[in-house]
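Tertiary structure, described
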Amino acid sequence: MQVKKEGPLLHSRIIRHYCTIALLHCTSLDNLSLIGYNIPMNTHFDIIIVGAGPAGLTAAIYACRAGLKTAVLEKNMPGGQMNLAERVDNYPGFSEISGIELTGKMLEQAERLGAHVFYGAAERLTLASEPKTVVMESETLTAQAIILAMGAGAKKLGLKNEQELLGSGISYCATCDGMFFKNRDVLIAGSGKTAALDAEYLAPIVNKLYIADKGSLAHIKCDKAEKIEDAEIIRLSGNPLASVTLAYKDGKTRDITVSGLFVAVGYAPNSFIVSGQVELGEKGYIVTDEKLKTNLDGVYAAGDIRSGAMHQIVVACADGAIAATEAAKWVKKVVR
Ligand SMILES: Cc1cc2nc3c(=O)[nH]c(=O)nc-3n(C[C@H](O)[C@H](O)[C@H](O)COP(=O)(O)OP(=O)(O)OC[C@H]3O[C@@H](n4cnc5c(N)ncnc54)[C@H](O)[C@@H]3O)c2cc1C
C-alpha cells in the first residue's frame, strides 16, 4: 500500500487498519488463515458471503452452524461501519462495547466455526449461473449460494481530486478524524442529520467552522459555524487540502481557506457491482422478499445494503441470520 507523505489522517487510518487486523487476530495463530496465508486450495464453497460487516459475519456464523462450507470476502477490514463506532451501547448483551471489540468477537466466532475469510474485493459477480462466480483480483471463487452484505458508505462529492485527498484533508467521519483538526479551520459539506451531528462534534475542537450546502441550513443549530447556503463545492485546491471553492446559485464563487473538509452528504449502498443482476430499489438498495431472497434463486441480501433495513448492528445481525438460514435451505434442497 502506498503511503502519502502528507496527511495525518491517512497515516492514522493505515495504522488503525493494521492495528485492527493485528488486534482481531491476536487470539490465535490459527487465525492466520484469515489474512490469506492459508487460503484453501479448493475454491468452491457452498456459500460465499460478500462483506464482513456485522451482517456478513453473522451470516457466516449461521452458515457454518448449518454445515455449509463458507467463504467471507472483505475488501477492507472486517466489521465494516461497526469499526467507526467508538462506543456501542445498544447491542444486547453488552451495556457498552467499542465497535472494534465487537468486530473482534464476531470475527473470532465466525472463524472458530470454520468460516474462511478472504481479504480482497469482490470485483465481478455472476449471480444467475449455477454455480455462481465471484471474481477477486487474484482469486475466482464459486458457490451455490451468495449473500450480498456489502453494506453502505458515505457518499462522495464527485470532485476529481477527492479520492487523492482522502487522508490529506478530506474525511467522511468527523468522530473518527475530528481531533486531527484541533484548532484548525474546517468546512462541513452537507445539511442533513450527519452534518448537524458533525457540527456539534467539531465545534469545540476546531478553530473556524464553516457549513456549506446547496440548500438551506436554517435548521442547523450551531452558533460557532458560519453557514454558507445555496452554494456548492466545485473545486478542492492543494495537497494536503488548502482551500475549497464554492459556487453560489447566482454564479458567484468564493474561495475558503481550510485544512479540513468533512463530507456529510448522505449514505449510499455498495450495490454497484450487482447492478443489472439483482433488482435495486430506490437509491440503489437491494430489493428482497421477507426471507431476504433477491429476485435471483440462491442470492440473498442482508444488512444496510437491503432496501427497507434499519441501519443498526442488531438489525444487520438479524438479517445475516435469516439470509444464511434461507441460503442453507436452498443449498440443501436444490444442490445436495
Ligand atoms: C460512525 C458510525 C457509528 C455507528 N454506531 C452505531 C451504534 O452505536 N449502534 C448501532 O446499532 N449501529 C451503529 N452504526 C450503524 C452500523 O454500524 C451499521 O448499520 C452496520 O455496520 C451495517 O452492517 P452491514 O454488515 O450491513 O454493513 P457494513 O458495516 O457497511 O459492512 C459491509 C462490509 O462489506 C465490505 N464490502 C463492501 N463491498 C465489498 C466488496 N465488493 N467486496 C468485499 N467486501 C466488500 C465493506 O468493506 C464492509 O466491511 C454506526 C455507523 C457509523 C458509520
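Everything here concerns the structure above.
This write-up is about the structure you can find in this document. The shown structure was predicted, so the numbers you read here are calculated from the model rather than taken from an experiment.

A look at the nonpolar core
In globular proteins that are soluble, nonpolar side chains generally tend to be buried together. Counting 58 residues, the largest nonpolar core has I47, I48, A59, I147 and L148 as its most contacted members. Put simply, the parts of the chain that give this core at least two residues each are β1 (44–50), α2 (54–65), β2 (70–74), α3 (99–112), β3 (116–119), β6 (140–148), β17 (299–301) and α6 (313–335). Take this core: its biggest share by element is nine residues, from α6. With residues up to four places along the chain from it excluded, the contact list for I47 reads A63, L68, T70, A143, A145, I147, A327 and V331. In this structure, I170, A174, F181 and V186 belong to the second largest nonpolar core, which totals 31 residues.

Examining the sheet that holds strand β9 (residues 186–189)
The parallel open sheet is built from five strands, whose spatial order is β8-β15-β9-β10-β11. The open sheet has two edge strands with one neighbour each: β8 (170–171) and β11 (226–228). Two elements, β9 and strand β15 (residues 260–263), share four bridges in a ladder whose sense is parallel. Residue pairing in the sheet places I188 in a bridge with F262 of β15. Contacting β9, β10 (209–212) and β15, helix α5 (residues 193–202) runs over the sheet at an angle of about 160 degrees to β9.

Focus: the sheet that holds strand β14 (residues 253–257)
With respect to topology, three strands assemble into an open sheet ordered β12-β13-β14, the strand pairing being antiparallel. The outermost strands of the open sheet, each flanked by one partner alone, are β12 (231–237) and β14. Between one strand axis and the next, the sheet turns by 25 degrees as a mean value, whatever way the strands run. Across five bridges, the pairing between strand β13 (residues 243–248) and β14 is antiparallel. By the bridge assignment, A247 is partnered in β14 with T253.

Details of the site of the ligand
Taken together, 36 residues form the shell around the ligand, and within it G51, G53, G80, G151 and G303 come nearest. Where the shell around the ligand is concerned, the elements lending two or more residues are α2, β2 and α6. Taken together, the residues that form the shell around the ligand break down as 20 nonpolar, 13 polar and three charged.

The rules behind the values
- Residues numbered from 1 in each chain as written.
- Predicted model: local features only at pLDDT ≥ 70, side-chain atom pairs only at ≥ 80, totals over all residues.
- Core = buried A, V, L, I, M, F, W, Y, C linked by C-beta atoms within 7 Å.
- Buried ≥ 20, exposed ≤ 12 C-beta atoms within 10 Å, placed from the backbone.
- Helix = DSSP H or I, 4+ residues; strand = E, 2+ residues; numbered from the N terminus.
- Contact = placed C-beta atoms within 7 Å.
- Pairing = 2+ DSSP bridges.
- Axes fitted to C-alpha atoms, helices over the stretch in contact; angles between N-to-C directions.
- Near = placed C-beta within 6 Å.
- Nonpolar A, V, L, I, M, F, W, Y, C, P; charged D, E, K, R; others polar.

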